[in-house]
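Below, each chain spelled out in residue letters.
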Amino acid sequence: MNDKIELVQLQLQKLRQQIEQYNYQYYVLDDPRIPDAEYDRLFRELQQVEQEYPQLVTSASPTQRVGSTPLKAFSQVKHEIPMLSLGNAFDEAEVEAFDRRVCEGLSVDTVEYAVEPKFDGLAVSLCYENGFFKTGATRGDGHTGEDITLNLRTIKSIPLNLTAKNVPSLLEVRGEVLMLKADFLKLNQRQRDKGEKEFANPRNAAAGSLRQLDSAVTATRPLSFFAYGVGRAEDGQNGQIPKDKHSDVMAYLVALHFPVAKECQVVTGLHALLAHYQKIGAMRVDLPYDIDGVVYKVNSLSQQEKLGFVSRAPRFALAHKYPAQEAMTKVLDIDVQVGRTGALTPVARLEPVFVGGVTVTNATLHNSDEVKRKDVRIGDTVIVHRAGDVIPKVISVVLAQRPAQTQSFEMPTQCPVCGARAVRLEGETVARCSGGLFCPAQRKQAIIHFVSRRALDIDGLGDKLVEQLVDNAIVRTPADLYKLGIAALMNLERLAEKSVSNLLAAIEKSKQTTLARFIYALGIRNVGESTAKALALHYGSLDRLMVADIENLQLVPDVGPIVAQSIVSFFDEPHNREVIEQMRLSGIVWQEHEGKSMPMTVETAISGKTFVLTGTLPTMSREDAKQEIENQGGKVTGSVSKKTDYVVVGDEPGSKYDKALNLGVTILDEAGLQALLQ
Ligand code: IVH
């Protein structure tokens, strides 16, 4: 019988080791080595054996990560070595002063520092006794925290027992619990699906998850841990805790299988600190987790000791903060903007607020579903987020500060500029103005598109001038451009005689064009440059294109039912036909039967780059986005790999987004893509 038990013990030990090794590969190294199904099979096998031999279950078994009974309250844990805070620096002068103090304190000219991301999560302490995870606690007031051992045990990247040969008798690992951005998005999607409240940001989600009295709830929340140092430490008989440098301690933690940020580095001197700050700052939006700064630590532990502490913060370390990416402000108004294709985008006008390094006065609310979901109202106090060069957006409403008698915002049923009906097609997230080129807003955008470099290429007709021309009712349609004379232009502000004659010459020159450019210039929805080229090639004449029906159009390469429908609708509109007729009368000509001659080789930020699209973009259809990218010589593929240059992410993105985060591929939203396209 004893032999049998011994065999089972061995079997259990092997299963537990295998499972923890896979956990490590998956959660710490981010490098899963076996399919999920195989992991599940091993886990079930372990559960079955443990059920048969309950006396052999130990708390370090991976089956015991989730506790069975909720706590009544958290008990208190005293931190033998206080968990301190860090001094902050907000500009380079403060960093310089810090480095000077450090050099003076050590009587040296230059100092070696370890630099690390400053995680935007929650500080925790993990105590290991003889290699076993015994107690985990929050920072609390720095001296006493709360015992959250059961919750921390559910985090799979936290080892339950240390498997290295020389485990110390006591090791207190300190670090941060946080939620990865990708996990946060997935969690919020899950909350939405269940009709439950969403979390405002990954930090709140992590905090809320860690503060659960029932660890079974915590176990359903995707939390991560990153180690950044050691508190109490005793080698005992076998331990080999490094005593010289902080960077050695970190390497030691890596060897013990603790997750440590990849971005940690050792540098020497003030300039290297500032360069690292810039480098991490540039990577910030693409990091898998939120950071609010970088931390500089004197690397030598004896130098750290020599420098000591002031009140609650060490003299040997400093947090250099980045501009906050979130700020609170008031919604003064909600406007609705009209794009070229008539897309109506609600935009919050804000009391100016400094966020993400700039003063923000507008933030997009994307579309009516989004406004409804967030219930943003005029007068509300909201949290605004701006990261990198991305358009600022409203994250959530601070309901506690909502004034009395606010009204929920309704998207207009009419275009706010021209009054035409706003229609929302099935399957689309945006409503569009149905006014077409009657709508001054769409008209302006249509003319800006018509004269753009890759369309009829009219030099000297910038956005501002187009606005003036439309606002003064001098130009209503692209055809009117060909009726412009010196007199009308000279009356406009800030237009010198020379510019007027240059402009008229450019307009005249544009009359000699190609069929493909002309089709593209019309701005038909879903018809980008390469579709225009294909249409020109296929039909060889505008007249033939104008009478083509939906079936016939689909014979053209790359034209599907949606594009075909857009083309038919465009030419069905009498106004559009009239504008085209007027342009012909004014002498615009193109060589029919061409199409091949359209230059496509202009170098842009897009050409040669590989893109992946995921999720619903706020205003562009995927088809549009793909078309525009291809027009500029980019490639759109279906799956993310190391070779992908950009992943464009919309609402409710799929696993491609996670993969992009994992591989560190640059992520863009629609605004970012638009910026590249321009
Ligand atoms: S070291 C004695 N390193 O920042 C130094 N802290 O203001 C103790 N934090 O709540 C902290 N990332 O949780 C250190 N790489 C990092 C950090 C970090 C984030 C947090 C920490 C603490 C706060 C200190």
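Residues numbered from 1 in each chain as written. Predicted model: local features only at pLDDT ≥ 70, side-chain atom pairs only at ≥ 80, totals over all residues. Heavy atoms only, no water.

Caption draft 1: Local environment of the pairing of strand S13 (residues 317-321). Within S13, five of the five residues are buried, which leaves it mostly tucked inside the rest of the structure. Residues of S13 alternate between two faces, with Ala-317, Ala-319 and Lys-321 on one and Leu-318 and His-320 on the opposite face, all of them buried. Pairing geometry for strand S2 (residues 88-89) and S13, over two bridges, is parallel. Considered in S13, the bridge of Asn-88 is made with Ala-319. Summarising the sheet, strand S10 (residues 291-298) and S13 pair through five bridges and their orientation is antiparallel. Each bridged residue has a counterpart across the sheet, and for Gly-293 the counterpart in S13 is Lys-321. (Buried < 20%, exposed > 50% of the residue type's maximum accessible area, 1.4 Å probe, protein only. Helix = DSSP H or I, 4+ residues; strand = E, 2+ residues; numbered from the N terminus. Pairing = 2+ DSSP bridges.)

Caption draft 2: Highlighting empty space enclosed by the protein. For the structure shown, the criterion picks out one cavity of 30 Å³ or more. Looking at the largest cavity, its volume works out to about 30 Å³. Along its surface, the largest cavity is lined by His-366, Asn-367, Thr-429, Thr-616, Leu-617, Pro-618 and Asp-651. Of the residues assigned to the lining of the largest cavity, the class counts are two nonpolar, four polar and one charged. (1 Å grid on protein atoms, 1.4 Å probe; cavity = no way out; pocket = protein on both sides within 12 Å on 5 of 7 lines; lining within 4 Å. Points joined across faces, edges and corners; volume = space filled by probe spheres on them. Nonpolar A, V, L, I, M, F, W, Y, C, P; charged D, E, K, R; others polar.)

Caption draft 3: How the structure looks around the environment of Ile-519. Mapped onto the secondary structure, Ile-519 falls in helix H16 (residues 515-521). What makes Ile-519 buried here is its relative accessible area of 1%. Distance from Ile-519 to Phe-450, taken between C-alpha atoms, is 9.8 Å for residues 69 residues apart in sequence. When neighbours within four sequence positions are excluded, Ile-519 is seen to be in contact with Ile-524, Val-527, Ala-532, Leu-535, Ala-536, Leu-542 and Leu-545. (Contact = heavy atoms within 4.5 Å.)

Caption draft 4: Geometry of the site of the ligand. Around the ligand, 13 residues are found, and the nearest of them are Leu-86, Glu-116, Glu-176, Tyr-228 and Lys-297. Here an oxygen atom of the ligand and a side-chain polar atom of Lys-118 are 3.2 Å apart. Take Tyr-228: an N or O atom from its side chain is 2.8 Å from an oxygen atom of the ligand. For the ligand, whose free accessible area comes to 520 Å², the fraction covered by protein is 86%. Broken down by secondary-structure element, the contributors of at least two residues to the shell around the ligand are strand S3 (112-119) and S10. Here the element with the most residues in the shell around the ligand is S3; it accounts for four residues. Residues of the shell around the ligand, tallied by class, amount to seven nonpolar, one polar and five charged. (Near = heavy atom within 4 Å. Polar contact = N/O pair within 3.5 Å; in protein donor to acceptor, adjacent residues only side chain to side chain. Areas by Shrake-Rupley, 256 points an atom, 1.4 Å probe, with all protein chains shown as cover.)

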